[in-house]
Amino acid sequence: MVRGSALASLIVLCWASSSSSAQTIYPIDRAEILAGAKFDFKVELPGLIDPAKLKVTVNGADYSAAFGRSGTFTEREDGKEQSALVLRDVTLSTPGSVAVEVSDGTRQRSVTWTVYDTGPRKAKNAILFIGDGMSPAHRVAARILSKGISEGKSRGKLAIDDMPHMALVATAGSDSIITDSANSASAYATGHKSAVNALGVYADRSASPLDDPKVETITSLAKRRLGMAIGVVTNTEIEDATPAAMVAHTRRRAAYDDIVEQFFAAKPDVMMGGGSANFLPKSAAGSKRKDETDYIAKFRDAGYQVATTAGELSASAAKQETSKLLGLFASGNMDGALDRKFLKGGGVKKFPEQPDLTEQVQAALKILSKNEAGFFLMVESGMIDKYAHLLDMERAVYDTIMLDNAVRQTREWARARGDDTLILVAADHNHPNSLVGTVNDDMATVPNVPLRERVGVYDKAGFPNYPAPDAEGYPSRIDVSRRLAIFSASLPDHYETFRPKLDNPNEPTVKAGDDGTFKANDKYKEVPGAVLRPGNLSSLVGASVHSGEDVIVTATGPGSERVHGSMDNTEVFRVMAEALGLAARE
C-alpha cells in the first residue's frame, strides 16, 4: 500500500510538472480558438537560447509559415537569463486540431489547440447577464422574497430560472481551482482560460502587467467582424473586473487608470456604472487617477452623451440622436437596491439619484438597437458579489431580485422584436453560501437561549414572514422576526448578530494595523446577542471568499439550445460566437 501510494504521488507530481511546463507556450494546452480571432503567440524558454537552435512548428511546418510572419526573439527577457519568442495579433482560419512543438536543441515541449468554425449567424443581438458571485442560495432566496412560498411551492418563477435551456458551468482558472471575477469573466469574454486577476491575457512571467499575451474579446470581434454596437453595463465601478473583462487586456485587474484608457481605445457605444474617480484628472476633487487626463472630457469630445444621474440618463436615452453614452453615477461602486429603495444607507446620501439596473438596461437597449448590424451587451449585477464578501446576505438577495427584473424586462423587449436576441444569464463564480433554514427572533425573548439556537432547521425552519413584495418584487422590510438563514462556509473572525444591517452595508472586519492583517470589527461587539465567531480564514483575509462549485447558466433565444448539461466557462463564449456567426470566412 505504501509503495502504491508513493507511485500514485509520483504520477500526480509528474502530471503537475508536465502541466506546468506546458504553460510556457501561449495559448496554453487544449485551448479552443475561434477561427479568425486574434491572439498573441508566445514561447517562454527557461534559459538563454541560441535562436539558431530554436525550432517552433505548427502542425509540422515552421511557425512563420503558419502565422504568415516571424516573431520577435528576445534573448534576455526582462534582463534575465531567459529567452522568449513573441508574435502579436495572429490568427488561424482553418478549423481542426493544431499541434505546436518547441525545441531549443535540448528540451522539447508541445501543446495542442483546437480551432473551431461557426455556422451562419442565428442571432442579431446577444446579451450576457452576469450575477457576479450569484450562488444558488441567492437565486432561491430571491424567489422566496419576490414571489412568496406557500405549503412548499413557490408562488411564481424568476425570469432568470424560467428559461428553456440550463447548464452547470465549471469556473476554474488556469492557475487555480478557485477563480476571481477577472479570469472568470475573461473566460466568458474570450473563450480562453486565464489566471486570477488577469483580463483578456495569459498571465506570463514578464514584469509588465500590460505586455502579456492577449486574446481577442467578444466585443472586439463583434465590432471588427460584423460592425455590431457594444454595450457594457454594471452597478459596480465600470473599471472593475467583470465589465473590464469585456474590453481590457492586463494581468492586473487593479490597474484602473490603464483600464479606463483601454475603454477609451475600445469605445463601446454604451458604458454605464460607477467609478468616475478614475475618469477625473488627478487635480479634480475625488479623483483617484495618477495623471491629469480628463477622460470624461475625452469621451464627451468623442461624441458621447454623459449622464451622472437617473434623470440625465433618461433624457440622454430619449434623444433620437444619442448613439453613444457614458453613464457614471457614483465615484466608486453604485449602491444596491436595498439601500437605494428602502434603507438609504451606503452612498445614497452622496449620490441620491442613481438609476436602477432596470433603468440602465432600458436605456442601453434603446440606444444599441439603433444599430442595424445588431449589438452585444453585457449587463452585470455586480454588488451581489460585493455584499456576499461582506456576509451581507439581505443586500445580495435584493440585488439578485434587481437582476431578475432587468432580465424580465429584456425578455419582454426581445419577444416584442420577434425573439432575434440570444439572452444568457450566468454567475461568473460561486460564493460558498447556503440557505440552511430561518433565524427566529421570537426565541430572543427566551432567557439564556444561545444565538445559534435561534436558527431553525428542517421542520423548525418553517417559512419566513417577510411582508408581501411590492410590484418590483421587494418586501418593504427585512428586519422581520423570522428571516432566511443564509450562511457562508468561508469566514473571517467577526461578531455575529444574525441580524440585517439597517444602517450601512456590513463591515465584518477592519484592518488590524499596517501589517495587512484584519480583525473582527468592534462596531458590532455591543450589539445585543452578538458573539465573536472565530473564522476559518487567515487574518490576511478580511472577508468571505469565492468557492469552486459550478455555477448555473440559463438561456433563451437563437443559439441557446447549445446550453445544456455540464459546460466549461470558456464554452459560454463559444455559445455566443456561434449564435452570432463570428468565425472568419474564407
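Each chain has its residues counted from 1, following the order in which its sequence is written. Local features in a predicted model are, by the rule used here, given only for residues with pLDDT of at least 70; side-chain atom pairs are given and counted only at 80 or more, and totals for whole chains, interfaces and linings are based on all residues. Where side-chain values are given, they derive from all heavy atoms of the structure, hydrogens and water being excluded.

A.B. asks: Before we move on, can you summarise the overall build of the chain with the specific residues and values?
C.D. replies: Helix and strand counts for the chain come out as 14 helices and 28 strands. The C-alpha radius of gyration of the chain comes to 25 Å, within 12% of the 25 Å expected for a compact globule of 586 residues. The principal-axis extent of the C-alpha atoms belonging to the chain is close to 80 × 75 × 50 Å. Here the chain holds 586 residues, and the buried ones make up 54% of them. Under the DSSP-based scheme used, a helix requires at least four consecutive residues in state H or I and a strand at least two consecutive residues in state E, with every element numbered from the N terminus. To get the radius of gyration, use the C-alpha atoms; to get the globule rule, take the number of residues to the power 0.38 and multiply by 2.2 Å. Note on exposure labels: buried denotes an accessible area under 20% of the residue type's maximum, exposed denotes more than 50%, and partly exposed covers the range between, all computed with a 1.4 Å probe on protein chains only.

A.B. asks: Tell me about the environment of phenylalanine 463, residues and numbers included.
C.D. replies: Its place among the elements puts phenylalanine 463 in the loop between β21 (455–456) and β22 (482–488). Overall, the relative accessible area of 42% leaves phenylalanine 463 in the partly exposed class. Considering only alpha carbons, one finds phenylalanine 463 and alanine 185, 278 residues apart in sequence, at a separation of 35 Å. Ignoring any residue separated from it by four or fewer positions in sequence, one finds phenylalanine 463 in contact with Ile149, Glu151, Gly152, Thr438 and Arg482. By the convention used here, residues are in contact when the closest approach between their heavy atoms is within 4.5 Å.

A.B. asks: An account of the packing of helix α3 (residues 136–147) against helix α13 (residues 393–416) is needed here, citing residue identities and associated values.
C.D. replies: If you want to describe how two helices pack, look at the angle between their axes and the distance between the axes. Only C-alpha atoms enter the line fits that serve as axes; for helices the fit covers just the stretch in contact. Angles between N-to-C directions range over 0 to 180 degrees. Relative to each other, α3 and α13 sit at 75°, their axes nearing to 9 Å. Here α3 lies roughly perpendicular to α13, going by the angle between them. Counted together, His138, Arg139, Ala141, Ala142, Leu145, Ser146 and Lys147 of α3 and Ala396, Val397, Tyr398, Thr400, Ile401 and Arg408 of α13 form the full contact between these two elements. In the scheme used here, Gly and all other residues not listed as nonpolar or charged are polar, with Ala, Val, Leu, Ile, Met, Phe, Trp, Tyr, Cys and Pro taken as nonpolar and Asp, Glu, Lys and Arg as charged. Along the lines of polarity and charge, the residues of the contact of α3 with α13 split into seven nonpolar, three polar and three charged. Reported orientations rely on four angle classes, namely roughly parallel under 35 degrees, roughly antiparallel over 145, roughly perpendicular from 65 to 115, and oblique for the rest.

A.B. asks: Break down the pattern of salt bridges for me, citing the residues and quoting the values.
C.D. replies: Note on definitions: salt bridges are taken to be side-chain nitrogens of Lys or Arg within 4 Å of carboxyl oxygens of Asp or Glu. By the definition in use, this model includes 36 salt bridges. Note that arginine 139 and aspartate 161 form a salt bridge whose closest N and O atoms lie 2.6 Å from each other. With arginine 139 in helix α3 and aspartate 161 in the loop between β12 (153–154) and β13 (165–170), the pair connects residues that are 22 residues apart, well separated along the chain. Classification of aspartate 161 by relative accessible area gives buried; the value is 19%.

A.B. asks: Give me helix α14 (residues 569–580): which residues, what numbers.
C.D. replies: The buried fraction of α14 amounts to 11 of the 12 residues, a majority that puts the element mostly inside the structure. Every buried residue of α14 is accounted for by Asn569, Thr570, Val572, Phe573, Arg574, Val575, Met576, Ala577, Glu578, Ala579 and Leu580. The first or second residue beyond α14 is glycine 581, which carries a positive phi of 60°.

A.B. asks: So, the sheet that holds β21: which residues are in play, and what are the values?
C.D. replies: Two strands qualify as a pair provided that DSSP identifies no fewer than 2 bridges between them. With antiparallel pairing, the three strands of this open sheet are ordered in space as β21-β20-β22. If you trace the sheet from one side to the other, it starts and ends with β21 and β22, each paired once. By the bridge criterion, two bridges tie strand β20 (residues 433–440) to β21 in an arrangement that is antiparallel. Bridged to threonine 438 within β21 is glycine 456. With respect to the sheet, α3 is in contact with β20 and β22, its orientation differing from that of β20 by roughly 40°.

A.B. asks: Provide a residue-level description of the sheet that holds strand β7 (residues 84–90), including the pertinent values.
C.D. replies: Strand order across the open sheet formed by four strands is β1-β3-β7-β6, with antiparallel pairing between neighbours. Each edge of the open sheet is held by one strand with a lone partner, namely β1 (25–26) and β6 (72–74). Where β1 and strand β3 (residues 39–44) come together, two bridges link them in antiparallel fashion. By the bridge assignment, isoleucine 25 is partnered in β3 with valine 43.

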